[in-house]
Amino acid sequence: SFGKSMFRNYLQKNFADENIDFWVDANEFKYTYSGPMVENSGSDSDRGKDDLESSAKDIFDKYCHEDAERQVNLPHAIRSSIEKSIEKGEVAESLFDPAIHEIYNLMVRDNYLRFKKSPDFLEFFRCLGLIDV
């Protein structure tokens, strides 16, 4: 959406776009893998489980690992819980739910409040034709 794009641009200028990128990627993961996985044994179910685990590891390595280049700010308990689940092969579509909630709240409490006070926020309303300034 246009609003999400404006907010993302603001975050990018303020070196915090990893938050919204993680939130989008983790939600995509959740909705891509939600619903029943193939129950039969065989290559389809193995491939689905492998894809799920591979996608989870990619997201973890990109945003959650302590050495991640685009690391998001997660409490140790959430980070280690995700990591242990991946290591044990206990990956479900809800794996990132606590992290999604944490990052969403961080963006609302911090990033979005600063965005609302920025010239970018006024520009957003100008683009929508809601104000003339």
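Just so you know, these numbers come straight off a predicted model, no measurement behind them.

What is the right way to look at the overall build of the protein in this model?
When helices and strands are tallied, the protein shows six helices and zero strands. A total of 133 residues make up the protein; the buried ones form 35% of that total. Across the protein, contacts joining residues at least 24 apart in sequence account for 63% of those joining residues at least 6 apart. Just so you have it, the protein exposes about 8300 Å², and 51% of that area is on carbon and sulfur atoms.

I would appreciate a short explanation of the pattern of salt bridges in the present structure.
Oppositely charged side chains can pair when the atoms bearing their charge come close. Enumeration according to the criterion identifies ten salt bridges in this entry. The salt bridge partner of Asp-110 is Arg-114, with a shortest N-O separation of 3.0 Å. Placement of both Asp-110 and Arg-114 in helix H5 (residues 97–116) is noted, with a separation of four residues, approximately one turn of the helix. Residue Asp-110 is classed as partly exposed on the basis of its relative accessible area of 32%. For Arg-114, a relative accessible area of 35% puts it in the partly exposed group.

Any chance you could explain helix H4 (residues 76–88) here in plain terms?
Along an α-helix, residues three or four apart share an orientation, since each turn contains 3.6 residues. For H4, which comprises 13 residues, the first-to-last C-alpha distance of 18 Å matches the rise-based estimate of 18 Å (1.5 Å per residue) to within 8%. The set of residues buried in H4 consists of Ile-78, Arg-79, Ser-80, Ile-82, Ser-85 and Ile-86. Of the residues one or two after H4, Gly-89 is the one with positive phi, at around 75°.

Got a minute to help me understand the packing of helix H1 (residues 2–13) against helix H6 (residues 119–127) in this structure?
Two quantities define a packed helix pair, namely the angle between the helix axes and the distance between the axes. Taken N-terminus to C-terminus, the directions of H1 and H6 make an angle of 155°; their axes are 10 Å apart at the nearest point. Taken together, the axes of H1 and H6 lie roughly antiparallel to each other. As H1 packs across H6, the resulting crossing turns out to be right-handed. Here H1 contributes Phe-2, Gly-3, Met-6, Tyr-10 and Lys-13 to the contact with H6, which in turn contributes Asp-120, Glu-123, Phe-124 and Cys-127. Broken down by class, the residue content of the contact of H1 with H6 amounts to five nonpolar, one polar and three charged.

Looking at this structure, how should I read the packing of aromatic side chains?
Centre distance and the angle of the planes are the two values used to describe a pair of aromatic rings. Applying the stated rule across the entire model yields 15 aromatic pairs. When the centroid spacing of 5.2 Å and the interplanar angle of 50° are considered together, the rings of Tyr-10 and Phe-115 count as tilted. Here Tyr-10 is found in helix H1, whereas its partner Phe-115 is found in helix H5, with 105 residues between them in sequence. Residues Tyr-10 and Phe-115 agree in their burial class; the two are buried. Through successive ring pairs, a cluster of aromatic residues spans Phe-2, Phe-7, Tyr-10, Tyr-112, Phe-115, Phe-121, Phe-124 and Phe-125.

What should I look at first to understand the nonpolar core in this one?
Here is a general trend for soluble globular proteins: nonpolar side chains tend to be buried in one another's company. Of all hydrophobic cores here, the largest spans 32 residues; its most connected members are Phe-22, Phe-29, Ile-82, Leu-95 and Phe-96. Put simply, the parts of the chain that give this core at least two residues each are H1, helix H2 (17–32), helix H3 (43–64), H4, H5 and H6. With residues up to four places along the chain from it excluded, the contact list for Phe-96 reads Phe-22, Ala-26, Phe-29, Ala-56, Ile-59, Phe-60, Cys-64 and Ile-82.

Reading guide: rules and limits
Residues numbered from 1 in each chain as written. Predicted model: local features only at pLDDT ≥ 70, side-chain atom pairs only at ≥ 80, totals over all residues. Heavy atoms only, no water. Helix = DSSP H or I, 4+ residues; strand = E, 2+ residues; numbered from the N terminus. Buried < 20%, exposed > 50% of the residue type's maximum accessible area, 1.4 Å probe, protein only. Contact = heavy atoms within 4.5 Å. Areas by Shrake-Rupley, 256 points an atom, 1.4 Å probe, with all protein chains shown as cover. Salt bridge = Lys/Arg side-chain N within 4 Å of Asp/Glu carboxyl O. Expected span 1.5 Å × (residues − 1). Axes fitted to C-alpha atoms, helices over the stretch in contact; angles between N-to-C directions. Parallel < 35°, antiparallel > 145°, perpendicular 65-115°, else oblique. Left-handed = near helix turned anticlockwise from the far one by under 90°. Nonpolar A, V, L, I, M, F, W, Y, C, P; charged D, E, K, R; others polar. Phe/Tyr/Trp six-rings, centres within 6.5 Å; stacked < 30°, edge-to-face > 60°. Core = buried A, V, L, I, M, F, W, Y, C linked by side-chain atoms within 4.5 Å.

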